[in-house]
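Structural overview
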Amino acid sequence: MADTEELWIPLVDEPIGSIVERIEKENADIAALVESPHRLLAFRTFAYIRCGILLGQLLFDNDVRAYDGSETWVDALLRDPAHHAALTAEVKAVAEEIAADPQYAAEGPLGPDVEARERFRAFAREHLGS
C-alpha cells in the first residue's frame, strides 16, 4: 500500500465531482465512513464512477428539455427529488462498501479524533485565555 504522501485525490471540477461533494456535505455520516486517506481515495473514485453511470441511466430513462443555455441536463435531472435521492443512496452505498472493506480496517482517520480535538481546545483555552 502506498504512503499517504503518494496518494492522489483527484480534484474534479465537473458536475459529478460537485454532486458527490454536495451529497457528502448533506450527509455527515458519509464522511465518518470514509475518514482515512485510502478510504477517501477509493470512495471518491467509485462514487464518481457509479454516479456517472446512474446519471447516464437517468438521462436515458427521462426526457430532458433541449439545452437552451439556462441549465445543464444534470441540473435538470437533479431538480427531481427522486433522482437526488437515488444519487444520495448510491453515494451512501459506496461509502458503506468502502467502510466495510477489511483492507482499510487498520487505517486511522484523516484528521485528529474527537478526544485529540478536545485536548487541543482545552490547551488553547488555558494558554490563550479564550
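Computed from a prediction, not measured in an experiment: that's the story for all the values here.

Parameters and conventions
- Residues numbered from 1 in each chain as written.
- Predicted model: local features only at pLDDT ≥ 70, side-chain atom pairs only at ≥ 80, totals over all residues.
- Heavy atoms only, no water.
- Axes fitted to C-alpha atoms, helices over the stretch in contact; angles between N-to-C directions.
- Helix = DSSP H or I, 4+ residues; strand = E, 2+ residues; numbered from the N terminus.
- Parallel < 35°, antiparallel > 145°, perpendicular 65-115°, else oblique.
- Left-handed = near helix turned anticlockwise from the far one by under 90°.
- Contact = heavy atoms within 4.5 Å.
- Nonpolar A, V, L, I, M, F, W, Y, C, P; charged D, E, K, R; others polar.
- Core = buried A, V, L, I, M, F, W, Y, C linked by side-chain atoms within 4.5 Å.
- Buried < 20%, exposed > 50% of the residue type's maximum accessible area, 1.4 Å probe, protein only.

Things to note about the packing of helix H1 (residues 15-26) against helix H3 (residues 37-61)
- Between H1 and H3, the shortest axis-to-axis distance is 9 Å and the interhelical angle comes to 115°. One element, H1, and the other, H3, form an angle in the roughly perpendicular class. As for the relative orientation of H1 and H3, their crossing is right-handed in sense. Between H1 and H3, the residues in contact are Ile 16, Gly 17, Ile 19, Val 20 and Glu 24 and Leu 40, Phe 43, Arg 44, Ala 47, Tyr 48, Cys 51, Gly 52 and Leu 55, respectively.
- Within the contact of H1 with H3, the residues separate by chemical class into nine nonpolar, two polar and two charged.

Looking at the nonpolar core
- Counting 23 residues, the largest nonpolar core has Ile 19, Val 20, Phe 43, Leu 87, Val 91 and Ile 98 as the members making the most contacts within it.
- For this core, the secondary-structure elements that each account for two or more residues are H1, H3, helix H4 (73-78) and helix H5 (81-100).
- Here this core gets nine residues from one element, more than from any other, and that element is H3.
- Leaving out residues up to four positions away in the same chain, Ile 98 has contacts with Val 34, Arg 39, Ala 42, Phe 43, Phe 46 and Tyr 104.

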